[in-house]
Each structure stands twice: as structure tokens, then as C-alpha cells.
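Structure at a glance
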Amino acid sequence: MIETLDVDQLEPGMFVNSVLKQKGRKKIKTKGWVRTAEAIESLKRSGILVVTVDTDKRLPGEDEQEEPEEEPIEEDEEDEMVDGKIPIKKELIRAEDIYREAKVLQRKALSCLKSDLPIDVGSFIDIGGNMVNSVFRNHDALSFMTRIRSKDEYLLEHSINVAILMAIFGKFLEMDKQTILSITIGALLHDIGKIKVPDEILNKPGKLTEEEFCEMKMHVVHGRNALLEHDVDELTLEVAAFHHEKLDGTGYPHALDADELSIYARMIAICDVYDALTGDRCYKDGMPPVAALKILRKDSGPHFDTDLVNKFINCMGVHPVGSLVKLKSDKIGLVMESNKAEPLRPIVKTFYSTKFYRYTEIRDINLADPKISDDIESPAKAEEYKIDLHRFVNTVLFSS
Ligand SMILES: [Fe+2]
């Protein structure tokens with residue numbers, strides 16, 4: 001039965017069917033469970049006033065199989081879909097909210113773990129569900145967010161990015177939605193044990209000594225121990241606990257052999273290294289995606305599953321959404337959308353001239369359009385041209 005409730009009447013465990021009244025511009029259309037008091041507070045902060053709940057639905061008990069998340073596409077959004085996707089401009093607004101909320105949650109969880117306090121796993125399930133739903137609406141939006149990162153927040157953003165990559169990769173491999181949710185949550189929590197590793201080891205620019213490396217390796221054990229104290233499913237735990245294992249048995253902490261590593265453990269090993277290579281740190285700049293993909297391919301076999309690496313490369317594309325490219329016309333473009341039929345010719349937003357070293361008029365160019373003679377020359381790095389990508393994205397895409 002569908003009942004109408006004020007947001008103040010919501011209780012953890014209820015299933016929200018729709019939003020009837022809200023203030024502000026923030027779009028919250030996704031149906032779903034509210035699992036925690038914190039999730040209800042988050043709805044209030046988003047300006048939600050009145051909702052409908054489905055009283056026939058209840059959260060499963062501990063012994064029951066969890067019900068898959070509802071399909072989040074609202075009826076009125078179906079008309080807007082192009083090739084089965086919500087337009088990226090629309091989904092980016094939601095993706096930015098999801099990313100920001102995930103960072104708040106990560107920061108809170110790390111501080112809890114540092115003080116040996118329990119983590120709010122329910123909130124991770126909620127945010128993981130929001131990520132998976134966004135990926136199913138248009139995976140380019142959250143993929144874009146993984147590229148717009150900050151040097152100083154590597155630890156927070158790395159886990160969120162790996163979770164997004166896992167959700168996108170899981171969808172690409174046509175896994176079911178509940179499995180994708182479990183591996184996404186596992187990725188969100190995979191490095192949480194790093195908060196127990198001293199900062200000077202965590203952020204050391206050079207090679208770690210043997211003793212330091214031993215301490216670093218312990219982050220997986222710390223993280224697993226923390227998760228064992230909570231109610232997380234086995235797949236979530238497996239993804240978090242095996243993310244540094246390698247096919248040739250040289251990984252850690254268990255040095256597992258290939259036949260002990262499931263497809264999910266093999267997936268996170270790839271997503272973890274890809275994000276680590278492409279991410280900026282306080283002491284070094286990340287490499288362009290295409291260079292990171294080359295390293296993954298080189299290390300496939302001993303370290304990574306060759307077939308999965310090839311699939312990951314197909315999934316990400318040579319020029320992932322959110323990456324910068326230099327065009328033959330000497331312009332810098334931000335990759336905004338992939339072209340399935342022509343992966344080397346995405347839709348880009350040009351905004352900078354490498355000839356004159358200055359910002360230019362912003363233009364959206366579909367490089368697959370036969371009328372366009374321009375083409376990608378190479379990947380580009382923002383630092384090389386002193387481009388403030390954060391500022392550009394916030395001004396052009398997220399301001400209103
Ligand atoms: Fe790790």
C-alpha cells in the first residue's frame with residue numbers, strides 16, 4: 001500500500017516510492033530504501049518535504065536475501081533518454097551530488113576507524129546504491145567525476161573512484177545489479193585500513209623501506225578486521241580483502257594463487273591500479289589514462305587477468321570521459337561523451353588554445369561528425385598548460 005508521509009515521519013527501513021514535495025532545485029527522484037537515520041537526515045538537507053512510501057516493502061532481515069534495488073528511472077525521465085541513457089548534462093548534476101556525499105561519508109568513516117569507533121555501513125550501502133543507479137542511467141557522468149580530482153584528497157577520492165570504476169566495469173560485463181552493488185561497496189571500503197598506517201609512510205614520495213612496506217601492507221588486514229565487525233556481505237568483504245592479490249601469487253597479504261582469485265578480486269586489482277596510476281598525489285602528477293592502460297596490459301599475465309584487462313580497456317575507451325585531449329587544431333578539449341561506434345572520436349568541449357596559451361570560446365564538437373575535420377592528436381595534461389580544470393568544470397558545468 002502506498003502512503004503519503006512528511007519527511008519527519010520517515011523511519012529507517014521504509015521504502016520511498018516517490019517524492020511529492022520538495023524545496024530547492026536539487027533533484028531526488030530515485031526510489032529506494034532509507035536504511036539509516038542519517039539517510040533520512042540527508043533527504044531533509046536536500047529539501048525533501050513529503051514522500052510516498054510503499055508499506056508492503058520492508059528491509060529484509062539478516063538471514064534473508066536482500067532485495068535488489070529498484071530501477072531508478074522515473075517514468076517522466078524515459079522520454080528524455082537517448083540510446084537508453086539519460087543525457088549526461090542532467091546526470092552530471094546528480095553525479096556531482098553523489099560524489100560530494102561519498103566524500104563526506106569516507107571522511108567520516110576514516111575518522112571513526114582512526115578512533116576505533118564503528119563505521120556506518122548502512123550509509124555506504126545507500127551511497128553505493130546511488131552510484132550503481134547513476135551508472136545505469138548514464139555511466140559517463142560518474143566516470144567524468146573520477147577525472148576531476150584533487151591532489152590533496154587522494155585517500156578519500158581513490159576509494160570512491162575505484163568504486164565507480166567497479167560499478168561501470170560490472171555493468172560492462174553484464175553482471176546483475178545486486179552483484180554490482182556488493183562489489184561497489186567493497187571498493188568504497190577497500191582502503192579504509194590505510195587510516196591506521198602512519199602518514200609519513202602513506203605519503204612518502206620515494207621507495208618504501210622493507211619495514212615501511214610491511215606496515216603499508218597491513219592496511220588490508222586493518223580494513224578487513226574493521227569490516228568483520230560489521231554486517232557486510234561476503235562479496236563485499238572479498239573485494240576489499242583481496243584487492244592487492246596478484247595472479248602469480250606475489251600479491252599481499254595472503255599471496256593467493258590465481259585459482260583462489262575470483263573474477264571480482266581480479267576486477268578490483270585492475271581498477272585499483274588504474275586509478276592509482278592516473279590519480280594525482282601530493283608529490284606527483286597522475287599519468288594520462290592511455291599510459292595507465294598500457295601498463296596494465298604490460299603487467300597482464302603475471303599480475304592481472306589478460307582477458308579482463310582487455311575488457312577493461314574496451315570498457316574505459318582510449319580517451320575516457322573527463323580526460324583532456326589535444327586536437328590537431330591546437331585546441332585542448334575535455335572529453336564529454338563517448339561515441340560507441342567511434343571510440344577514438346568522442347564528443348569534446350574545446351576551451352583552450354595551445355598555440356596562444358589562452359582560454360578560448362567554448363565549443364562542443366562531435367569528432368565523429370563527418371562534417372568535422374578535426375581529430376585527437378594526443379592526450380593532454382592540465383598542468384602542462386597551467387589549466388585549472390577544477391575551476392573550469394565548476395564554472396562551466398556545475399554553476400547555475
Ligand atoms: Fe590498497
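Residues numbered from 1 in each chain as written. Predicted model: local features only at pLDDT ≥ 70, side-chain atom pairs only at ≥ 80, totals over all residues.

Overall, antiparallel pairing links the five strands, which are arranged β8-β7-β6-β5-β9 in an open sheet. With partners counted over all chains shown, the strands left at the sheet margins are β8 (358–366) and β9 (376–379), one partner each. Mean inter-strand twist for the sheet, computed between neighbouring axes without regard to direction, equals 30 degrees. As defined by bridge partners, strand β5 (residues 324–327) adjoins strand β6 (residues 331–337) across three bridges and the pair is classed as antiparallel. Looking at β6, one finds that Lys 326 is bridged to Ile 332. (Pairing = 2+ DSSP bridges. Helix = DSSP H or I, 4+ residues; strand = E, 2+ residues; numbered from the N terminus. Axes fitted to C-alpha atoms, helices over the stretch in contact; angles between N-to-C directions.)

Turning next to helix α9 (residues 234–241). Within the sequence span of α9, burial applies to Thr 236, Val 239, Ala 240 and Ala 241. In this structure, the buried residues of α9 make contact with α6 (177–188), α8 (210–228) and α10 (263–278). (Buried ≥ 20, exposed ≤ 12 C-beta atoms within 10 Å, placed from the backbone. Contact = placed C-beta atoms within 7 Å.)

Further remarks concern the nonpolar core. If you look at soluble globular proteins, the nonpolar side chains tend to sit buried side by side. Ranked by internal contacts, the top residues of the largest apolar core, which has 79 residues, are Met 166, Ile 268 and Cys 271. If you tally residues by element for this core, the top one is helix α4 (residues 121–147), at eleven residues. The residues that make up this core include at least three from each of domain 2 (88–316) and domain 3 (324–396). Setting aside anything within four residues of it in sequence, one finds Cys 271 in contact with Val 162, Leu 165, Met 166, Phe 169 and Ala 187. If you look at the next biggest cluster of nonpolar residues, it comprises twelve residues, including Leu 10, Met 14, Ile 40 and Ile 48. (Core = buried A, V, L, I, M, F, W, Y, C linked by C-beta atoms within 7 Å. Domains from an automatic or database assignment.)

For the rest of this paragraph, the subject is the environment of Glu 361. With respect to the helices and strands, Glu 361 occurs in strand β8. Note on Glu 361: 7 C-beta atoms within 10 Å, which makes it exposed. For the pair Glu 361 and Thr 350, spaced eleven residues apart in the sequence, the C-alpha separation amounts to 7.8 Å.

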